[in-house]
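Listed below, chain by chain, are the residues.
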Amino acid sequence: MKKRVVFIIAILFLIVGCGAKFNTPTKEVEMFLNKYQTNDSEVVSQFDTSLLDEDNLTSEQKEKYKEIMLGQYKDMTYEIKEEKIDGNKASVEVEIEVYDYTTSLNNSYMFLEENQDQFYIDDVLDVISFVNYKLDQLFNYKDRTTYTIIFKLEREDSNSQWNIQDLSESDLKKIHGIYEN
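Residues numbered from 1 in each chain as written. Predicted model: local features only at pLDDT ≥ 70, side-chain atom pairs only at ≥ 80, totals over all residues. Heavy atoms only, no water.

A. Summary view of the packing of aromatic side chains. One pass over the full model with this rule turns up 11 aromatic pairs. Considering the side-chain rings of F32 and F151, the 5.7 Å spacing of their centres and the 70° angle between planes classify their relative orientation as edge-to-face. Pair noted here: F32 is in helix α2 (residues 25-37) and F151 is in strand β5 (residues 144-154), with a separation of 119 residues, a long-range link. With a centroid separation of 6.1 Å and an interplanar angle of 75°, the aromatic rings of F111 and F119 are classed as edge-to-face. The ring of Y99 has K142 sitting right over it, with the charged end atom 5.0 Å from the ring centre. (Phe/Tyr/Trp six-rings, centres within 6.5 Å; stacked < 30°, edge-to-face > 60°. Helix = DSSP H or I, 4+ residues; strand = E, 2+ residues; numbered from the N terminus. Lys NZ or Arg CZ within 6 Å of the ring centre and 35° of its normal.)

Printed below as a string of structure tokens:
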């Protein structure tokens, strides 16, 4: 019985000791990006259709946009480039590859300018028609682009978890594929 207790305590020390090795800034960033790739419920619940610059999307348009972005996240790839640790602060440089929705949206606006007769009725933009057009273009767009994101992390002390600091709006736009330089 005494040997069993010592064995269990030794296992617990191993697990606790190894746990710190698994909580690195790089691992924390990988877990964060994996939530996007797996369409984790935490990511899905934060969905924001304002990225299309349209406040009045129909419910069908919102669903299509959500489907487009979930595909963007699922197909995102990344490569960790560098990890720097300075005490209880760290940074992890990541190169991500996503669909280049910036170009798709810019092409949609150029098409609108060149084909106004398809989207204007009595000199008034048919917003629903144009949003449907943009969504169709996004849905079928497969060209990709690469962005660099530097994740900032902190922890309270050397025994605590690394936490990713809030991403900037420009970094979020990179993940969505709509960042303009």
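B. Geometry of the pattern of salt bridges. If you walk through the whole model with that rule in mind, you get nine salt bridges. Residue E154 pairs with K89 through a salt bridge whose shortest N-O separation is 2.9 Å. Placement of E154 in strand β5 and of K89 in strand β2 (residues 89-99) is noted, with a sequence separation of 65 residues between them. (Salt bridge = Lys/Arg side-chain N within 4 Å of Asp/Glu carboxyl O.)

C. Structural context of the nonpolar core. Of all hydrophobic cores here, the largest spans 31 residues; its most connected members are I96, Y101, F151 and I175. Ranked by residue count, the leading element in this core is β2, at six residues. With near-sequence residues (within four places) excluded, I96 lies in contact with M76, T77, Y78, T145, T146, Y147, I149, K174 and I175. (Core = buried A, V, L, I, M, F, W, Y, C linked by side-chain atoms within 4.5 Å. Buried < 20%, exposed > 50% of the residue type's maximum accessible area, 1.4 Å probe, protein only. Contact = heavy atoms within 4.5 Å.)

D. Region of interest: the pairing of β2. Note: strand β1 (residues 77-86) against β2, nine bridges, orientation antiparallel. Bridge pairing in β2 links I85 to A90. Counting the residues between successive antiparallel strands, the hairpin from β1 to β2 contains two residues, one of them, G87, with a positive phi of roughly 65°. Direction of pairing for β2 relative to β5: antiparallel, over a ladder of 11 bridges. Of the residues in β5, the one forming a bridge with A90 is L153. (Pairing = 2+ DSSP bridges.)

E. Seen up close, unusual backbone geometry. Phi angles above zero are rare outside glycine, and N39 is one such case at about 50°. Assignment of secondary structure puts N39 in the loop between α2 and α3 (41-44). Its relative accessible area of 24% is what places N39 among the partly exposed residues. Despite not being glycine, D123 shows a phi value in the positive range, around 65°. Secondary-structure assignment places D123 in the loop between β3 (120-121) and β4 (124-125). Using a relative accessible area of 76% as the deciding quantity, one classes D123 as exposed.

F. Expanded view of the packing of helix α4 (residues 59-75) against helix α6 (residues 127-140). Viewed as axis vectors pointing N to C, α4 and α6 meet at an angle of 20°, and their least axial separation amounts to 10 Å. When the interaxial angle is binned, α4 and α6 end up roughly parallel. Where α4 crosses over α6, the handedness of that crossing is left-handed. Facing Q61, K64, Y65, E67 and I68 of α4, the residues of α6 in contact are I128, V131, N132, L135, D136, L138 and F139. Here the residues of the contact of α4 with α6 are counted per class, giving seven nonpolar, two polar and three charged. (Axes fitted to C-alpha atoms, helices over the stretch in contact; angles between N-to-C directions. Parallel < 35°, antiparallel > 145°, perpendicular 65-115°, else oblique. Left-handed = near helix turned anticlockwise from the far one by under 90°. Nonpolar A, V, L, I, M, F, W, Y, C, P; charged D, E, K, R; others polar.)

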